[in-house]
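Structural overview
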Amino acid sequence: MGLIGKLLTLPVTGPGAGAMWVARQIHEAALSELTDPAAIRRTLRDLEAQLIAGDIDDAAFEEAELILLTRLKSATP
C-alpha cells in the first residue's frame, strides 16, 4: 500500500496502531521493572521496611522475599 493508501486509511488504522504502540511501551516498562536488579533491590528494601513497621508478618515477608531473591538471581548475570 502506497503513501496515499496509508493516508486514506489512517482514520481507521491510526487508533489501532496507537493502541498497539502504547501496549508495547507498557510491556517493555513492566518487563524492565521485573528484571532490573536495582528495582528488585528497592522492592526488597520496601518489603523489609513493611516488616519492621509491622505492616506484614514474618510468613508474608519470607514468601515475598523468596520470590524477589529468585527474580534477582535470574536478573543478574
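Examining the overall build of the protein
- Scanning the protein from terminus to terminus reveals three helices and zero strands.
- Along the protein, from the amino end to the carboxyl end, the secondary structure elements read α-α-α.
- What you see for the protein is a C-alpha radius of gyration of 21 Å, clearly larger than the 11 Å of a compact globule of 77 residues, by over 25%.
- With 77 residues in all, the protein has 9% of them scored as buried.
- Within the protein, contacts between residues at least 6 apart in sequence are counted, and of these 52% link residues at least 24 apart.
- Summed over all atoms, the accessible surface of the protein reaches about 6,100 Å², with 65% contributed by carbon and sulfur.
- One finds the centroid of the 7 positive side-chain charges in the protein at a distance of 16 Å from the centroid of its 11 negative side-chain charges.

Description of helix H3 (residues 58-75)
- Between its terminal C-alpha atoms H3 stretches 25 Å, which fits the 26 Å expected from 18 residues at 1.5 Å a residue.
- Buried within H3 are the following residues: Phe61, Leu68 and Leu72. Down the axis of H3, the buried side of the element spans an arc of 45 degrees, and every buried residue falls inside it. Of the exposed residues in H3, those oriented more than 90 degrees away from the buried face are Ala59, Glu62, Glu63, Leu66, Lys73 and Ser74.

A short note on helix H2 (residues 37-53)
- Across its 17 residues, H2 extends 24 Å between first and last C-alpha, which sits within 8% of the 24 Å expected from 1.5 Å per residue.
- Among the residues of H2, Ala39, Ile40, Leu44 and Leu47 are the ones counted as buried. All buried residues of H2 project into a common sector of 145 degrees when viewed along the axis, lining one side. Structural note: H2 exposes Arg45, Ile52 and Ala53 on the side pointing more than 90 degrees away from its buried face.
- On the buried face of H2, the contacting elements are helix H1 (3-35) and H3.
- Among the residues trailing H2, Gly54 stands out with phi positive, at a value near 85 degrees.

Description of the nonpolar core
- Counting six residues, the largest nonpolar core is built from Ile40, Leu44, Leu47, Phe61, Leu68 and Leu72.
- Only H2 and H3 provide two or more residues apiece to this core.
- Non-local contacts of Leu44, meaning those with residues more than four positions away in its chain, are made with Glu65, Leu68, Leu69 and Leu72.

What counts, and where the lines are drawn
Residues numbered from 1 in each chain as written. Predicted model: local features only at pLDDT ≥ 70, side-chain atom pairs only at ≥ 80, totals over all residues. Heavy atoms only, no water. Helix = DSSP H or I, 4+ residues; strand = E, 2+ residues; numbered from the N terminus. Rg over C-alpha atoms; globule rule 2.2 N^0.38 Å. Buried < 20%, exposed > 50% of the residue type's maximum accessible area, 1.4 Å probe, protein only. Contact = heavy atoms within 4.5 Å. Areas by Shrake-Rupley, 256 points an atom, 1.4 Å probe, with all protein chains shown as cover. Lys, Arg positive; Asp, Glu negative; His and termini not counted. Charge placed at Lys NZ, Arg CZ, Asp CG, Glu CD. Expected span 1.5 Å × (residues − 1). Arc of directions from axis to C-beta. Core = buried A, V, L, I, M, F, W, Y, C linked by side-chain atoms within 4.5 Å.

Distances and angles like these do not, on their own, reveal function.
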